[in-house]
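Notes for the structure review
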Amino acid sequence: MRVGGKLAEQTAQEVSASKSASVKRRQSSKKSRREQKKLGPMPSAVQRLFETCKEVFANGGPGIVPSPEDVDRLRSILDNVDASDVGLTPKMPYFRHGASKGTPPVTYLHVYECDKFSICIFCLPPSGVIPLHNHPGMTVFNKVLFGSLHVKSYDWVNLPQNSGEIVDPLRFQPSGLRLAKVKTDDTFTAPCRTSVLFPQDGGNLHCFTAKTSCAVLDVLGPPYSNSEEGRDCTYYNDFPYASFRGDAELLIDDGEYAWLEERRKPDEFIVLGANYSGPKIMDQ
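Parameters and conventions
- Residues numbered from 1 in each chain as written.
- Predicted model: local features only at pLDDT ≥ 70, side-chain atom pairs only at ≥ 80, totals over all residues.
- Heavy atoms only, no water.
- UniProt positions renumbered as here; feature names shortened; annotations may be inferred.
- 1 Å grid on protein atoms, 1.4 Å probe; cavity = no way out; pocket = protein on both sides within 12 Å on 5 of 7 lines; lining within 4 Å.
- Points joined across faces, edges and corners; volume = space filled by probe spheres on them.
- Helix = DSSP H or I, 4+ residues; strand = E, 2+ residues; numbered from the N terminus.
- Nonpolar A, V, L, I, M, F, W, Y, C, P; charged D, E, K, R; others polar.
- Core = buried A, V, L, I, M, F, W, Y, C linked by side-chain atoms within 4.5 Å.
- Buried < 20%, exposed > 50% of the residue type's maximum accessible area, 1.4 Å probe, protein only.
- Contact = heavy atoms within 4.5 Å.
- Expected span 1.5 Å × (residues − 1).
- pLDDT = per-residue confidence, 0-100.
- Lys, Arg positive; Asp, Glu negative; His and termini not counted.
- Salt bridge = Lys/Arg side-chain N within 4 Å of Asp/Glu carboxyl O.
- Pairing = 2+ DSSP bridges.
- Axes fitted to C-alpha atoms, helices over the stretch in contact; angles between N-to-C directions.
- Phe/Tyr/Trp six-rings, centres within 6.5 Å; stacked < 30°, edge-to-face > 60°.
- Lys NZ or Arg CZ within 6 Å of the ring centre and 35° of its normal.
- Parallel < 35°, antiparallel > 145°, perpendicular 65-115°, else oblique.

Named according to an unreviewed UniProt entry, the chain is cysteine dioxygenase originating from Ensete ventricosum. Quoted straight from UniProt, the Cofactor (unreviewed entry) entry for the chain says "Fe(2+)". What UniProt records for the chain under Sequence similarities (unreviewed entry) is the sentence "Belongs to the cysteine dioxygenase family."

1. Focus: the layout of surface pockets
Of the pockets and cavities examined, the largest pocket occupies roughly 430 Å³. Taken together, 20 residues make up the lining of the largest pocket; nearest its centre are Y108, C120, F122, L220 and Y224. Of all the elements in the fold, those that place two or more residues in the lining of the largest pocket are β1 (106–113), β2 (118–124), β3 (129–133), β8 (205–210) and β9 (214–221). A total of three residues in the lining of the largest pocket trace back to one element, the largest contributor, which is β2. For the lining of the largest pocket, the per-class residue count stands at 13 nonpolar, four polar and three charged.

2. Notes on the nonpolar core
Ranked by size, the top nonpolar core spans 33 residues in total, and within it L74, L88, I119, I121, L145 and V219 carry the most contacts. Of all the secondary-structure elements, those providing two or more residues to this core are α2 (45–56), α3 (68–79), β1, β2, β4 (139–146) and β9. Looking at which element gives the most residues to this core, the answer is α2, with six residues. Setting aside anything within four residues of it in sequence, one finds I121 in contact with V86, L88, T107, Y108, L109, V111, L145, A215, V216, L217 and Y276. The next biggest cluster of nonpolar side chains, apart from the first, holds 19 residues, and it includes C120, F122, A210 and L220.

3. Quick word on α2
The end-to-end C-alpha distance of α2 is 16 Å, a good match for the 16 Å that 12 residues give at a rise of 1.5 Å each. Residues of α2 that are buried include every one of A45, V46, Q47, L49, F50, T52, C53 and V56, and no others. Contacts made by the buried residues of α2 are with α3, β1, β2 and β9.

4. As for the confidence of the model for the chain
On average, residues of the chain score 84 in pLDDT, and 75% of them reach the 70 mark or higher. Under a pLDDT of 50 for its full length, residues 1–12 has, in the predicted model, zero contacts with residues more than four places off or in other chains. For the stretch residues 161–165, pLDDT sits under 50, and the model shows four contacts to residues farther than four places along the chain or on other chains.

5. Description of the side chain of K143
Position of K143 relative to the elements: it lies in strand β4. Put simply, K143 is tucked away with no salt bridge, and the nearest opposite charge, on D79, sits 5.3 Å away. Discounting chain neighbours no more than four positions away, the residues touching K143 are L78, D79, N80, V81, C192, T194, A215, V216 and L217.

6. Digging into the sheet that holds strand β7 (residues 195–197)
The six strands are arranged β7-β4-β9-β2-β1-β12 in an open sheet whose pairing can be described as mixed. This sheet does not close on itself; its edge strands, each paired only once, are β7 and β12 (271–274). Averaged over neighbouring strand pairs, the angle between their axes works out to 25° when direction is ignored. Along the sheet, α3 contacts β4, β7 and β9; its crossing angle with β4, the most-contacted strand, is approximately 15°.

7. Some words on the packing of aromatic side chains
Summed over all chains, the structure comprises 10 aromatic pairs. Taken together, a centroid distance of 6.0 Å and an interplanar angle of 25° make the contact between F57 and F117 stacked. Taken together, the positions of F57 in the loop between α2 and α3 and F117 in the loop between β1 and β2 put the pair 60 residues apart, joining distant regions of the chain. An aromatic cluster of three or more residues is present, and its members are F50, F57, Y112 and F117. Just above the ring of W156 sits the side chain of R178; from NZ or CZ to the centre is 4.1 Å.

8. Considering the pairing of β3
By the criterion of burial, β3 is predominantly enclosed, with four of the five residues buried. Sheet topology note: the β3/β8 ladder contains three bridges and is antiparallel. For V129, the partnering residue across the bridge sits in β8 and is T209.

9. Observations concerning the packing of α2 against α3
It is the contact of α2 with α3, at a shortest axis distance of 10 Å, that shows an interaxial angle of 170°. Judged by the angle between their axes, α2 and α3 are roughly antiparallel. Here α2 contributes L49, T52, C53, E55 and V56 to the contact with α3, which in turn contributes D70, R73, L74, I77 and L78.

In structure tokens:
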């Protein structure tokens, strides 16, 4: 009987403790909901991206690169953004090749722009191409939201005096051409890390080719400018180094270098504007 009494007493204590814990959980849940109501709804991924860009590029300008810590912070935000966060699905008409022959049009979605930075999205159907172009004085973040995208990028070869690494390109350089070094020649398939390029390195000149339908979210700091700053977008043809090297000899593999030639915007590169339909940015 005494054993049974102890068990009954223990069971009563457990029931009481369980009820108390349940009450505390309900109270905690109510408190959490009240606090959340006071704070308002959680900001969207695009809003968080916008707020981070405002901080990272607050003191930015042409040629000014954010600190490594700020680059990592913005990259981390972008790494966690996907197509659903910006209202896109692969079934949208932007991502269809269509019946026409040739290079299909690319669709541009404007998300936000100020004098410090811009946010935009490029929608590419299969075989869509954004030709080789530069980013003068800019730090640029590229995030593949879905699909597979081939990227080929270059940096200009700027040699110090008396460099022994490579022949002086100015001495042998053909007229109208400039020597560049390949930085990236690879396909990126989502989910993948955000790519970052800088004013002088990281692949400042690049070309995109869609292997499948894909979407690319771009953050540019600062944006292009065709006013007095003269930082408009320039397009290029690229030629293998061996095509024009003449008697010049590189001390390393030819395949890592190319000659770039300025050109006007290619006629086959058609960009169609469309309305961004994802979560709106609140600029306060």
